Amino acid sequence: MTVGSTSASLVDGRLDAKIPPGPIEQKWERHCFDMKLVSPANRRRYTVLVVGSGLAGAAAAASLGELGYKVECFSYHDSPRRAHSIAAQGGINAAKNYRNDGDSVFRLFYDTVKGGDFRAREANVYRLAELSLNIIDQCVAQGVPFAREYGGLLDTRSFGGAQVSRTFYARGQTGQQLLLGAYQALERQVGLGTVTMHTRAEMLDLVVVDGRARGIVTRNLVTGAVESHVGDAVVLATGGYGNVFYLSTNAKASNATAIWRAHKRGAFFGNPCFTQIHPTCIPVSGEHQSKLTLMSESLRNDGRVWVPTKVGDTRPPDRIPIGERDYYLERKYPSFGNLSPRDIASRAAKEVCDEKRGVGPGGRGVYLDFADAIARLGEPAIREKYGNLFDMYERITGENAYRVPMRIYPAVHYTMGGLWVDYNLMSTMAGLFVAGEANFSDHGANRLGASALMQGLVDGYFILPCTLADYLARIRPDTLDAGHPVFRAAEVEVAERVRRLLAINGTRTVDSFHRELGHLMWDYCGMARNEAGLRHALRKVPELRAEFWENVRVLERNEELNQSLEKAGRVADFLELGELMCIDALHRTESCGSHFREESQTPDGEALRDDEHFAHVAAWEYTDRLAEPNLHREPLHFEYVHLSQRSYR
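Rules used in this analysis
Residues numbered from 1 in each chain as written. Predicted model: local features only at pLDDT ≥ 70, side-chain atom pairs only at ≥ 80, totals over all residues. Heavy atoms only, no water. Axes fitted to C-alpha atoms, helices over the stretch in contact; angles between N-to-C directions. Helix = DSSP H or I, 4+ residues; strand = E, 2+ residues; numbered from the N terminus. Parallel < 35°, antiparallel > 145°, perpendicular 65-115°, else oblique. Left-handed = near helix turned anticlockwise from the far one by under 90°. Contact = heavy atoms within 4.5 Å. Nonpolar A, V, L, I, M, F, W, Y, C, P; charged D, E, K, R; others polar. Phe/Tyr/Trp six-rings, centres within 6.5 Å; stacked < 30°, edge-to-face > 60°. 1 Å grid on protein atoms, 1.4 Å probe; cavity = no way out; pocket = protein on both sides within 12 Å on 5 of 7 lines; lining within 4 Å. Points joined across faces, edges and corners; volume = space filled by probe spheres on them. Pairing = 2+ DSSP bridges. Core = buried A, V, L, I, M, F, W, Y, C linked by side-chain atoms within 4.5 Å. Buried < 20%, exposed > 50% of the residue type's maximum accessible area, 1.4 Å probe, protein only.

Moving on, we get to the packing of helix α15 (residues 510-525) against helix α17 (residues 563-587). Following both chains from N to C, one finds α15 and α17 inclined at 20°, their axes separated by 10 Å at the closest point. Relative to α17, the element α15 lies roughly parallel. Like other packed secondary-structure pairs, α15 and α17 cross with a definite hand, here left-handed. Contacts between α15 and α17 involve V510, D511, H514, L517, M521 and C525 from the former and S564, K567, A568, V571, F574, L575, G578, M581, C582 and A585 from the latter. Looking at the contact of α15 with α17 residue by residue, the classes come out as 11 nonpolar, three polar and two charged.

Written out as structure tokens, the structure is:
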């Protein structure tokens, strides 16, 4: 098969990352000064559409409303408080160096580039580390109840991929507390009238007029009404696409529809195969499951990961002597031990389970043991730090992790890929900005723990208010309305897609197609990939997609409140995105971070990069032929963190 073709984008400027000149520590400040501004009196003339109301979306909508722009914010939930950001547990990174343990902006920058296996853009990562300092102050001012030390100072803890303690946290509820802070800021603007909130509204298409993103088409999930909304710019902050695997740690409603429909309208998709597997999740218990549950990476601060040394050892953990336990992360990576990065810890867990040394039903699990920490610190101290996580584990498994080790196994968690954006967070389409997990920009091939919340808030609170203003200042607001023929045509397309899904009336459920796609993606484009498996997937996914459009059964016949119809539209998009992910994984014949090609590994089984051929962002352009997208490359240059074989030993 053909894996796309190289375009002329490197000479026509479409992949210009717009990285400012000058020393890296001065780029953002200089760029802010060089960008154009919109005067306060003129801001109310511009309308910005923000799709998504999680951390990135709520932060962006609240900040833009505070500045005086007219903002319309869209959520398919009944309240922004239900956004999946609420599920983030462990913490948020910031280079405050309160511990005086050697942290700095540059060290956070270095750890992030190295953790992403040198597949991230240096300028973006440095800005992320730099602005992390502002995030903590912003959130404290909003009343976020971060954990504090005995003397009242903000507490921090360690996370994977770092040897310093830079992660601020609120027990195991950090995402919830941060989202409540952003939600309050958003609702304040709703009350003031600068932000109009559209709930239970799902974006189903992007409207492009004269090459610019000018609006969206939504479907009201209660009434079924298809509506157009016009803006001078569109911000997509709709999260990641991990649910393409069916089983993931994402909320069941999380989907890729907004970014995928934008991709089909012309926005390039960056590094779609970079999907993160989290090492600390409750193992799959059977085919009945519809999602998986994350156990925070923060647990690896005090929990020790191990399996029996003997193959097929089924004794209870308390019957296995210390000398017959393999603390394999501590053995293989003595410098980082249990705090090894997520991709490395996940592959290590898969390796010992493949050796038939896994624990629990099916042997697909490893122990996360707190016995040593409880003996050293006492059970009350562990309860204070992680109590709600232990409670959640017991409710799901029926096991008391204070008495017996947790059983964990890797699961799909986060997507580093997403719509390609430049330094200003604008996609290849003028006027379309992308924030948070929906873009590809800051994490490379692997995200360090506690950096997702950091990126979402930095994008929404501090970057978009500057870069979007620069874009708006260069255009003039006009009188375009939803009666424009392009809007009407988009509405017709959306309505026809709904009609087509309802008319199939086949014999297979939406979930059965989604589950089969998930098995294909996990088996052949999951923790390990190889050419034969990817080519197999690229034969089977189009076949499954063709069957979907012939034989799916959407329950109920109405276009109004119909969750089966909602799921069908999202799964249809996953069936297309899954093919692009496999194409991207087949194209990238190196291993890097979470993308582990079995043909490219070091003698001791670590990821082996090919910097000569793949030190670039792969940005894919939709061509109306799903099997033949055009490939564009953005070369990555490393001036401050020099390319080297990543090692955590």
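Still to come is the rest of the account.
Before going further, it helps to spend a moment on the packing of aromatic side chains. Counted according to the given criterion, the structure contains 19 aromatic pairs. Aromatic side chains F106 and F109 sit 5.3 Å apart centroid to centroid with 75° between the ring planes, which places their arrangement in the edge-to-face category. A residue pair is termed a helical-turn pair when its members lie 3 or 4 positions apart in one helix, as F106 and F109 do in helix α5 (residues 105-115) at three residues. Clustering of aromatic rings is evident, with ring pairs tying together F370, Y386, F390 and Y402.

What follows is about the layout of surface pockets. There is about 570 Å³ of room inside the second largest pocket. Lining the second largest pocket are 26 residues, and of these L247, V284, H519, W522 and D523 sit closest to its centre. Looking at the lining of the second largest pocket, the elements with two or more residues in it are α10 (342-354), β17 (406-415) and α15. Among the elements that make up the lining of the second largest pocket, the one with the highest residue count is α15 (five residues).

Take the sheet that holds strand β15 (residues 325-326) next. Within the open sheet, the five strands sit side by side as β13-β17-β16-β14-β15. Their pairing is antiparallel. Of all the strands in the sheet, the pair left with one neighbour each is β13 (275-281) and β15. Here three bridges tie strand β16 (residues 366-369) to β17, and the two strands are oriented antiparallel to one another. Its bridge partner lying in β17, Y367 is registered against R407.

So, about the nonpolar core. Counting residues in each nonpolar core, the largest one holds 177 residues, and the members touching the most others are I92, L236, M406, L432, L472 and F548. It is α17 that contributes the most residues to this core, 13 residues altogether. Not counting chain neighbours up to four residues away, the residues in contact with L432 comprise L206, A213, V234, L236, A262, A267, L419, L425, M426 and S427. Of all hydrophobic cores here, the second largest spans nine residues; its members include L204, V209, V217 and V230.

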